[in-house]
Amino acid sequence: QVRLVESGGGLVQAGGSLTLSCAASGSIESIGTMAWYRQTPGNQRELVASRTRGDSTNYADSVKGRFSISRDNAKNLVTLQMNSLKPEDTAVYYCNAYIRQSATNYGWYWGQGTQVTISS
């Protein structure tokens, strides 16, 4: 079974930095787009950043210039470098990836989430 496991969450003061990592494991033929989402209580999960297999990127307007998404395809790994953090960045961050296990078995997978808390 395919798994996505996030790590790197924690507590940091406003203005600080944090790096999140997500590793995919299991029977994987290839991975397409990888992305980071975040969610706060009572709100919908929102896209933070994404990167395609060809390295095209998209960022939420609220994080442009502060966050950077990268990936290591050989390790099935995606990271999110977060700088100049603000209290409004506080959320549970989720890893998301489009994974192909075979020609007939593919789809989007989610990690379990990691808490990021930014204090003033």
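Scroll up to find the structure.
Worth saying up front: this structure is predicted, and the values here are computed from it rather than measured.

Trainee: What exactly am I supposed to notice about the pairing of strand E7 (residues 67-72) here?
Mentor: Looking down a regular strand, the side chains alternate between one sheet face and the other. Residues Phe67, Ile69 and Arg71 line the buried face of E7, whereas the alternating positions Ser68, Ser70 and Asp72 sit on a face that is not buried. The pairing of E7 with strand E8 (residues 77-82) spans six bridges and is antiparallel. Within the sheet, the bridge partner assigned to Ser70 lies in E8 and is Thr79. Between E7 and the antiparallel strand that follows it, E8, lie four residues; Asn76 among them carries a positive phi value of about 50 degrees.

Trainee: Teacher, can you tell me more about the environment of Ser25 here?
Mentor: Within the secondary structure layout, Ser25 lies in strand E3 (residues 18-25). Between the alpha carbons of Ser25 and Leu4 there is a distance of 6.6 Å; along the sequence they are 21 residues apart.

Trainee: I tried to follow the state of the cysteines on my own but got confused; where do I start?
Mentor: Disulfides are covalent bonds that link the sulfur atoms of two cysteine residues. By the definition in use, this model includes one disulfide. Note that Cys22 is cross-linked by a disulfide to Cys95, the S-S spacing being 2.1 Å. Torsion about the S-S bond of the Cys22 and Cys95 cystine: about -85 degrees, corresponding to left-handed handedness. Taken together, the positions of Cys22 in strand E3 and Cys95 in strand E9 (residues 91-102) put the pair 73 residues apart, joining distant regions of the chain. Assigned by exposure class, Cys22 and Cys95 land together as buried.

Trainee: In this structure, what is going on with the side chain of Thr79? I would like to understand it.
Mentor: Within the fold, Thr79 resides in strand E8. Residues in contact with Thr79, not counting those within four places in the same chain, are Thr19, Leu20, Ser21, Trp36, Ser68, Ile69 and Ser70.

Trainee: Any chance you could explain the sheet that holds E3 here in plain terms?
Mentor: Two strands in a sheet stick together by hydrogen bonds in their backbones, pointing the same way (parallel) or opposite ways (antiparallel). The four strands lie next to each other as E1-E3-E8-E7, forming an open sheet whose pairing is antiparallel. Each edge of the open sheet is held by one strand with a lone partner, namely strand E1 (3-7) and E7. When strand polarity is set aside, the average angle formed by the axes of neighbouring strands in this sheet is 15 degrees. Relative to E8, E3 runs antiparallel, the two being bridged by six bridges.

Trainee: I keep staring at the pattern of salt bridges and nothing clicks. Help me out?
Mentor: Any two side chains of opposite charge can pair if their charged atoms end up close together. Overall, the coordinates contain six salt bridges when judged by the stated rule. The salt bridge partner of Asp89 is Arg38, with a shortest N-O separation of 3.0 Å. Linking Asp89 in the loop between E8 and E9 with Arg38 in strand E4 (residues 30-39), this pair joins segments that are 51 residues apart in sequence. This pair shows no difference in class: Asp89 is buried, exactly as Arg38 is. Of the charged contacts in the structure, one is a salt bridge between Asp55 and Arg51, with a shortest N-O distance of 3.5 Å. Judged by its relative accessible area of 42%, Asp55 is partly exposed. Through salt bridges that share partners, Arg38, Glu46, Arg66 and Asp89 make up one connected network.

What counts and how
Residues numbered from 1 in each chain as written. Predicted model: local features only at pLDDT ≥ 70, side-chain atom pairs only at ≥ 80, totals over all residues. Heavy atoms only, no water. Buried < 20%, exposed > 50% of the residue type's maximum accessible area, 1.4 Å probe, protein only. Helix = DSSP H or I, 4+ residues; strand = E, 2+ residues; numbered from the N terminus. Pairing = 2+ DSSP bridges. Disulfide = S-S within 2.5 Å. Contact = heavy atoms within 4.5 Å. Axes fitted to C-alpha atoms, helices over the stretch in contact; angles between N-to-C directions. Salt bridge = Lys/Arg side-chain N within 4 Å of Asp/Glu carboxyl O.

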